Amino acid sequence: MRIDIITVLPELLESPFSASILKRAIEANLVEVHFHNLRDYTTDNYKSIDDTQFGGGAGMVMMIEPIDKCISKLKAERQYDEVIYMTPDGKTLNQGMANHLSLKENIIILCGHYKGVDQRVRDQFITKEISIGDYVLSGGELGAAVLCDAVIRLIPGVLGNETSALTDSFQDNLLAPPIYTRPRDYKGWEVPELLFSGNHAKIEKWREEQAYQRTKDRRPDLLED
Ligand code: ADE
């Protein structure tokens, strides 16, 4: 998979890709991530990427020309499955969307800033608009990092133990069950006895019941789907 991220703040995106699972995925060539600084696609001396709104109103709007130049250059080099725009008015990211995107070959992610982009960018280039939640960030970069993390860890081979992604919360529309490790007894706080029974069928059944109960208590909306 190849991910091209268009941003005015590439430095904000560097650290999430320089550690742990994302770093390993890149080093193992399971994913390529490229950052494109929008200011490199400007034509004026000030490297302007935004301007005031037509019709008046507070806040700057990201201009279409540098974005067009960048996206068109990328599209001339290869085919893209999706051109995603990170925006609070997009569809809220969920596990199903991450699963779907993890199967794609090439995607572009455009990070918005200020009031957002000229509507014509959305009309002409964008195939998916994604929000990471009902709150407003200063820009799309942190959202793009969240999206990339959720997607990249699902690419086959990225997680050491491939089954571990399958038992994550949300994978079956259920939250994950409680988990425990050593010591068995800590200050008198004990691990459920059943987990030492050696009866794998019983343990599995217990985990399923726990996952269901936890979902019912905390996120009943997930059970409605
Ligand atoms: N840009 C600003 N807020 C955002 C959000 N909630 N999700 C994605 N991109 C954003």
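Use the structure listed above.
What this report covers is the structure whose coordinates are included nearby. (Residues numbered from 1 in each chain as written. Predicted model: local features only at pLDDT ≥ 70, side-chain atom pairs only at ≥ 80, totals over all residues.)

Focus: the overall build of the protein chain
So, step 1. Counting secondary structure elements, the protein chain contains nine helices and nine strands.
So, step 2. What you see for the protein chain is a C-alpha radius of gyration of 22 Å, clearly larger than the 17 Å of a compact globule of 225 residues, by over 25%.
So, step 3. C-alpha atoms of the protein chain, sized along the principal axes, occupy 70 × 40 × 35 Å.
So, step 4. Counting the 225 residues in the protein chain, one finds 23% classified as buried.
So, step 5. Taking all contacts inside the protein chain whose residues are at least 6 apart in sequence as the whole, residues at least 24 apart take part in 76%. (Helix = DSSP H or I, 4+ residues; strand = E, 2+ residues; numbered from the N terminus. Rg over C-alpha atoms; globule rule 2.2 N^0.38 Å. Buried ≥ 20, exposed ≤ 12 C-beta atoms within 10 Å, placed from the backbone. Contact = placed C-beta atoms within 7 Å.)

What to know about the site of the ligand
So, step 1. By nearness alone, every residue bordering the ligand is listed as Met86, Thr87, Pro88, Gly112, Ser131, Ile132, Gly133, Tyr135, Val136, Leu137, Gly140 and Gly143.
So, step 2. Here the element with the most residues in the shell around the ligand is strand E5 (residues 82–92); it accounts for three residues.
So, step 3. For the shell around the ligand, the per-class residue count stands at six nonpolar, six polar and no charged. (Near = placed C-beta within 6 Å. Nonpolar A, V, L, I, M, F, W, Y, C, P; charged D, E, K, R; others polar.)

Remarks on the nonpolar core
So, step 1. Of all hydrophobic cores here, the largest spans 38 residues; its most connected members are Ile67, Ile84, Ile109, Leu110 and Ala144.
So, step 2. Elements with a minimum of two residues in this core: strand E1 (2–7), helix H2 (20–27), helix H3 (64–77), E5, helix H4 (95–102), strand E6 (106–111) and helix H6 (141–152).
So, step 3. Once you skip the residues sitting within four places of it in the chain, Ile109 turns out to touch Ile3, Ile5, Ile84, Met86, Ala144 and Leu147. (Core = buried A, V, L, I, M, F, W, Y, C linked by C-beta atoms within 7 Å.)

Some points on the pairing of E5
So, step 1. Summarising the sheet, E5 and E6 pair through five bridges and their orientation is parallel. Along E6, the bridge assignment pairs Val83 with Ile108.
So, step 2. In terms of handedness, the path from E5 via H4 over to E6 forms a crossover that is right-handed.
So, step 3. Both E5 and strand E7 (residues 128–131) contribute to a ladder of five bridges, which runs parallel. For Tyr85, the partnering residue across the bridge sits in E7 and is Glu129. (Pairing = 2+ DSSP bridges. Right-handed = clockwise from strand over helix to strand, strands pointing away.)

Read these as geometric descriptors, not functional statements.
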